[in-house]
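Architecture and fold: a report
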Amino acid sequence: MNKKTVESSELVDRIESPVIEIGKFNVWFNGIHILRDFNMRFRENQITCIIGPSGSGKSTLIRSINRINDDVEGFAYQGDIILNNGHINGQNIYHNGTDVNLLRTQIGMVFQKPCVFPKSIYENVLFGIKYLKNLSKQEKQQIVEENLKAVSLWEEVSNRLYDRAVTLSIGQQQRLCIARSLAVKPSIILLDEPTSSLDHISSYAIENLMLQLKKQYTIIFVTHNIFQAKRIADYLVFMCEGQVIEEGTKEKLFSNPDKQQTGDYLSNEYCEC
Amino acid sequence: MLLSDILKLEDFMNRKWINKFFLLICWLVTVASALTLIFLLTVIVFNGAQAINLDFLFTCSRDFGAEGGIFYQIIGSILLIIGASLISFPIALGTAIFKSEYLKNNFLQRLSSILVYGLNGIPSIIFGIFGLIFFVHFLETGISWFVGAVILAIMIIPTIVLAAYQSINSIPKIYRDSALALGLNRWQVILKVVFPQGISGAITGLLIGAARAIGETAPIMFIATAFSGVEMPGSLFEPVTALPTHILALAQHATDSQALKNAWGTSLVLIILVFVFSVSALFTRIKLKPVSQR
Amino acid sequence: MSAYTSKIGKGYVLSSTLISTAMILLILAVLFINSYGAIIEVGWKLFTLKWNPPDARFGILSMLYGSLVVTFLSLSIAVPVGVLTAVFTAEILPSKYRIYVKSSLELLAGIPSIIYGLIGVAFFSVWIGELFNLPSGRTIFTAAILLSIMILPTIITLCDDAIHNVPRKYREAARGLGLYKYEVILSSVLPIAKTDITGTVLLALGRALGETMAVMLVIGSIDKIPQPFYNFLVPGQTVTSKLGREIAESAFGSLHFSVMMFMGIVLVIIVLSLTFVAQRYFKTGRLYE
C-alpha cells in the first residue's frame, strides 16, 4: 500500500453553525472532577483533533458526546451538549426526552482497541444496521460491499466475507469497525486513539481514510500522537486537566500558539497545566 | 445522510418496548429465584429455632430420635470430620507439593489432575458403596466410624489438593531461586519455602471440604452410622451416629410432629456448623494470603 | 539436613500422590468387579422394564428413565431461570450489591442435600399432593422441582461469572452502534459467554444425575415407568434413589447386589464423562470445582 503524502489543510474558518456545541460541560466520575466548564464548538466536515497529555479528559469528552458514559457507574454531569446535524437540530442531547439509542446511530464511535464481534466479517458490518431496518438479502449485500469499499477493505476480503472477523489483522479489524459504524449512516464520527494499537502502515491507512471521509462526515479524532495530529487535523483542540487550553487551526497552533503551554506540549510533549 | 431515509420512528418504538419487556422478565425471574431461596433459609431457621434449646443440644436421643436431643449426633459428626481431616490433610498436601515441585512432565501433570480432581465428580452415594464393598466387606472392618472418616477423607482430598496447589503456584519464582542460591537442596527449599505456603492453602481447602463433608449423608449411611443405641464409639471400629443421617432417619417419620420438629432442629445445627466452616475458610483465605500477594 | 531426610521427604510426597491418584481407579475397579456378575448372568435382560429381584427380574429401565426425566425436567426449569437471573445480577444489578448476592449464593450452594430432602418431604410433597389432588405428593415431578431448586444457586453463580467476565469493550461497541440493552445482551454478551454457560449446564447435569438424598426422599420409590410416559405426577425411581434405598437390603455378593453395582458404574461413567467434557468448555480457568 502506497503511503500517500498528506495534503496540508486550508484555513478553515467556517461561518456555518457548528455541528456540536458544548456549553459549560462538567463531568465527575465517583466525585472526581474530570471535565471542567468545557466549552467547544465543532465544525462540520472537518477533522478536529483533540490532543493533550494522558488523563486530560479527552476520552471522557468524546464519550460524553455519544453519551456512552451513561453506562459507567459513578458518572455525573452538568451542562449542555447541543447537536445540529440536520436531524436533531438545536437540541441538548442530555435533555430528558432524548432517545439515546437514536442519538448513537447518528454518532459513530471507533474505540482504541478494535472490537470485532465473534461473527463473520459480513455479519460484523451489518451488526448495527440490521436493527434499524428490515433488509432484503440484496440490500444486505449492497450495504456490506458499499461500506467495506468506503474503508478500502473490499478488495482484501471480498472473497472471504463469511470468514470469522477475528482472522483479520488488527489493522483490518479496526477498518472493519469503522465500516460497521459507517453502515449505520451517522453524520459524526468520534475516534478515541484508534491507531494506538496499530502498526505504522495500518495507522497511515486509517489516517488516509479519515482524510477521505471528512468530506462527508464530521470527524473528531482524539490522539496523543502529535505527528499524527499534524498530518490530519484541520482544527486542533489542546486540552489539559479537563479544560481547553487553546484551540485553533493546525497552522496557528504549531507555528504561533497563544499560550506557552501549547507550545511546550507541541514541541516537547511536556505540559505543566 | 438523514436518518429518516433508513428508518421509521415506529421501528424504534417497537424496540423500546421489547427492551422494557425483556428487562422486566429478567427482573421477575430474579425476584422469583430470590424469593424461593429466601423461603428455603427462612424455613430452616424458623423451624429449627423452635426445636433448639440447651436440652436438645446436650441430651442424647431416645426412641429412634423422635424424642430427646442430638448430643451424640453432634459428637459423631465432629469425630468424623476430625478423623477425615487428620487423614486427608497430609495426603493432600503431599500430593500438591509433588505436583508442583517434582512433576515436570506435561502429560503426567494433566493425568494427575484428571485422576485427582476427577474424584470430585463422583456422586457421593458411590463413595458410600465403595466404602461398603472395600472396607466393610472386603477388609472386614465392619461398620465403623473410622471407615467413615476414611471415606470422607477421600472425598475431600481433591478440594485440599486444589487449594494447596494454587497457593503453592502463586509463590513467585524469586523465593525458590533465592533459597537455591543460598545452597539449600531441593527438599530443604520445599520445607522452608513451599511448605508454609502449601499449608495455608491446604487449611483453606480443608475448611471448604469440611463444610461439604459434614453435611454428607450418602457416604456414611451404610458404613459408619447406626440409628439407635449408639453413644460414644468405644474404639476405632465401632459405629457412630451423625447429624445428616439423623435427619434422614427423622425424615422417614415425617408424620410424627415431634420427629419432624427434631429434624428441623438437627438441620439448623448442621447448617450452622457448615456455615462456621465456610466462613472460616473465607477468613483463612484472606488472612493467610500468600506473602507475595499482600 | 541429610540426604536421608531428603529421601524421606520425597517418599512422603510420592506416596501421597500415588494414594490420591489411585483412589479413583480403585473405586472404578471395585465397582466394575462387583458388577461383573450382573453383566455375565443377566446381560441384555438388564434393559427390561420389570424389577423384581426375588423373581430374578432385574430390569433397570425404569430407574434409567426416572434419572433421565428428573434430571432433564429439573434442568429445563433451573437453566432458563438461572441464566436469566445471572443476566440480571451481572448486567442490570448495580455493582455495589454484587458481593451480597455472591456470598448468599455460595451460602445456599452449601446447604446439605439431606436438608433439601427434608424440605421436600415436609413441604413440597405436601403442596404438590394437595395441588394436583394426588394420593401421594411423592412424584417424579416433586423430585424434579426440588432438584431444580438445589442446583439453582450453582447455575446462577457460574453463569454470573461467565457473563461478568465478558470484556467491557464488547458491550461498549454494541452500545455505540445504538443497540438497546437487551440487544447488547442477546447479540453481543451472551454469544461470548456461551461456552462458559454451556460448561455450567453440563456440570449441573452431572450433579443432578448424581444427587441422591433429596431425590430419594420425595420420588416415591416405585419401579415403574409412568403410564402414559409423560405423566410425571406419579411416583417413580431413579438410579440414585434405588441405590440409596436398596443397598442395605441386598445381600452382599448376590446377583441383586451385582445389578445394583452395575447401575452404579453406569451412573459414574456418565457423570464423570459429563464433568470431564464440562471442563473443556470453561475457558476462564474456573476449573475443577
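Residues numbered from 1 in each chain as written. Chains lettered and ligands numbered in written order. Predicted model: local features only at pLDDT ≥ 70, side-chain atom pairs only at ≥ 80, totals over all residues.

What follows covers the overall build of chain A. Each helix and strand in chain A was counted, giving ten helices and ten strands. The globule rule puts the C-alpha radius of gyration for 273 residues at 19 Å, and the 19 Å found for chain A is close to it. Overall, chain A is about 55 × 45 × 35 Å in size when its C-alpha atoms are taken along their principal axes. The buried share of chain A, reckoned over its 273 residues, is 46%. Pairs at least 24 residues apart make up 69% of the contacts formed inside chain A by residues separated by at least 6 positions. (Helix = DSSP H or I, 4+ residues; strand = E, 2+ residues; numbered from the N terminus. Rg over C-alpha atoms; globule rule 2.2 N^0.38 Å. Buried ≥ 20, exposed ≤ 12 C-beta atoms within 10 Å, placed from the backbone. Contact = placed C-beta atoms within 7 Å.)

Now for the overall build of chain B. A count of helices and strands for chain B gives eleven helices and two strands. Long-range pairs, those at least 24 residues apart, make up 77% of the contacts in chain B with a sequence separation of at least 6.

What follows deals with the interface of chain B and chain C. Counting from both sides, the interface comprises 70 residues of chain B and, opposite them, 60 residues of chain C. Going through the elements one at a time, helix H1 (9-51), helix H3 (71-102), helix H4 (106-117), helix H5 (124-138), helix H6 (145-169), helix H8 (186-213), helix H10 (243-251) and helix H11 (257-287) of chain B are the ones with two or more residues in the side of chain B that touches chain C. Per-element tally for the side of chain B that touches chain C: the top contributor is H1(B), with 16 residues. Considered class by class, the residues forming the side of chain B that touches chain C number 49 nonpolar, 18 polar and three charged. (Nonpolar A, V, L, I, M, F, W, Y, C, P; charged D, E, K, R; others polar.)

Let's shift gears to helix H4 (residues 137-150) of chain A. Residues and elements named next belong to chain A. Compared with an ideal rise of 1.5 Å per residue, which puts 14 residues at 20 Å, H4 spans 20 Å between its outermost C-alpha atoms and is within 8% of the ideal. What H4 keeps buried is the set Ile143, Val144, Asn147 and Leu148. In a view along the axis of H4, the buried residues occupy a sector of 115°, so they form one face of it. Turned more than 90 degrees away from the buried face of H4 sit Gln138 and Gln142, all of them exposed. Of the surrounding elements, those touching the buried residues of H4 are helix H3 (121-126), helix H5 (154-157) and helix H6 (170-183). Downstream of H4 by one or two residues, serine 152 has phi in the positive range, about 60°. (Expected span 1.5 Å × (residues − 1). Arc of directions from axis to C-beta.)

Okay, the domain arrangement of chain B next. All names here are of chain B. By domain assignment, chain B separates into domain 1 (16-51) and domain 2 (54-293). Between domain 1 and domain 2, the residue contacts involve seven residues of the former and eight residues of the latter. When its residues are assigned to classes, the side of domain 1 that touches domain 2 shows four nonpolar, three polar and no charged. (Domains from an automatic or database assignment.)

Attention now goes to the packing of H3(B) against H8(B). All names here are of chain B. It is at 9 Å that the axes of H3 and H8 come closest, and there the two elements cross at 135°. It follows that H3 is oblique to H8 by the angle criterion. When the axes of H3 and H8 are compared, the crossing they make is right-handed. On H8, the residues touching Ile81, Ala84, Ser85, Phe89, Ala92, Leu93, Ala96, Ile97 and Glu101 of H3 are Ile190, Val194, Gly198, Ile199, Ala202, Leu206, Ala210 and Ala213. Split by residue class, the contact of H3 with H8 holds 14 nonpolar, two polar and one charged. (Axes fitted to C-alpha atoms, helices over the stretch in contact; angles between N-to-C directions. Parallel < 35°, antiparallel > 145°, perpendicular 65-115°, else oblique. Left-handed = near helix turned anticlockwise from the far one by under 90°.)

So, on to the pairing of strand E4 (residues 75-84) of chain A. All names here are of chain A. Bridging between strand E1 (residues 20-29) and E4 involves eight bridges; their strand directions are antiparallel. Its bridge partner lying in E4, glycine 23 is registered against aspartate 80. Strand direction decides the pairing type here: E4 and strand E5 (residues 89-92), joined by three bridges, are antiparallel. Counterpart to asparagine 84 in the pairing with E5 is asparagine 89. (Pairing = 2+ DSSP bridges.)

Residue and element names in this part refer to chain A. With antiparallel pairing, four strands are arranged side by side in an open sheet as E2-E1-E4-E5. Looking at which strands have only one partner, the edges of the open sheet turn out to be strand E2 (32-42) and E5. Mean inter-strand twist for the sheet, computed between neighbouring axes without regard to direction, equals 10°. Across seven bridges, E1 lies against E2 in antiparallel orientation. Its bridge partner lying in E2, valine 27 is registered against leucine 35.

It is at 10 Å that the axes of H11(B) and helix H4 (residues 113-131) of chain C come closest, and there the two elements cross at 150°. Between H11(B) and H4(C), the angle falls in the class roughly antiparallel. Two packed elements cross with a definite hand, and for H11(B) against H4(C) that hand is left-handed. Counting all contacts with H11(B), which are made through Leu260(B), Ala263(B), Ser267(B), Leu270(B) and Ile271(B), the residues of H4(C) involved are Ile115(C), Leu118(C) and Ala122(C). Broken down by class, the residue content of the contact of H11(B) with H4(C) amounts to seven nonpolar, one polar and no charged.

On to the confidence of the model for chain A. For chain A, per-residue confidence averages 87 on the pLDDT scale, and residues scoring 70 or more make up 93% of the total. Low pLDDT, under 50, characterises residues 1-15 of chain A; the predicted model gives this stretch 17 contacts beyond four residues in sequence or across chains. (pLDDT = per-residue confidence, 0-100.)

All names here are of chain A. Counting buried residues along strand E8 (residues 218-222), five of its five residues qualify, which places the element largely inside the surrounding structure. The side-chain alternation of E8 yields two buried faces, one formed by Thr218, Ile220 and Val222 and the other by Ile219 and Phe221. In the sheet, strand E3 (residues 47-51) pairs with E8 via four bridges, with the strands oriented parallel. Across the sheet, isoleucine 47 pairs through a bridge with isoleucine 219, a residue of E8. Where strand E7 (residues 188-192) lies against E8, five bridges are found, and the strand directions are parallel. Across the sheet, leucine 190 pairs through a bridge with isoleucine 220, a residue of E8.

All right, on to the sheet that holds E7(A) then. Residue and element names in this part refer to chain A. With mixed pairing, six strands are arranged side by side in an open sheet as E6-E7-E8-E3-E9-E10. The outermost strands of the open sheet, each flanked by one partner alone, are strand E6 (107-110) and strand E10 (243-249). Taken over all neighbouring pairs, the strand axes of this sheet differ in orientation by 15° on average, direction set aside. With respect to the sheet, H6 is in contact with E6 and E7, its orientation differing from that of E6 by roughly 170°.

With that out of the way, let us pick up the environment of Thr71(C). Residue and element names in this part refer to chain C. Among the structural elements, threonine 71 can be located in helix H2 (residues 61-92). Taking the C-beta count within 10 Å as the criterion, threonine 71 has 24 such neighbours and is therefore assigned buried. Distance in space between the C-alpha atoms of threonine 71 and alanine 208 is 5.7 Å, their sequence separation being 137 residues. Other than its neighbours up to four places away in sequence, threonine 71 contacts Leu205, Ala208 and Leu209.

Here the focus is unusual backbone geometry. Between Gln227(C) and Pro228(C) the backbone carries a cis peptide bond, its omega angle lying at -10°. Position of Pro228(C) among the secondary structure elements: in the loop between helix H8 (213-218) and helix H9 (239-246). Of note, the phi angle at Asn30(A) is positive, near 50°, even though the residue is not glycine. Taking the number of C-beta atoms within 10 Å as the measure of exposure, Asn30(A) has 9 and is therefore exposed. For Glu241(A), which is not glycine, the phi torsion reads 50° and is therefore positive. Among the structural elements, Glu241(A) can be located in the loop between strand E9 (235-240) and E10.

Here the focus is the environment of Leu132(A). Within the secondary structure layout, Leu132(A) lies in the loop between H3 and H4. Note: C-alpha distance between Leu132(A) and Trp154(A) (22 residues apart in sequence) is 23 Å.

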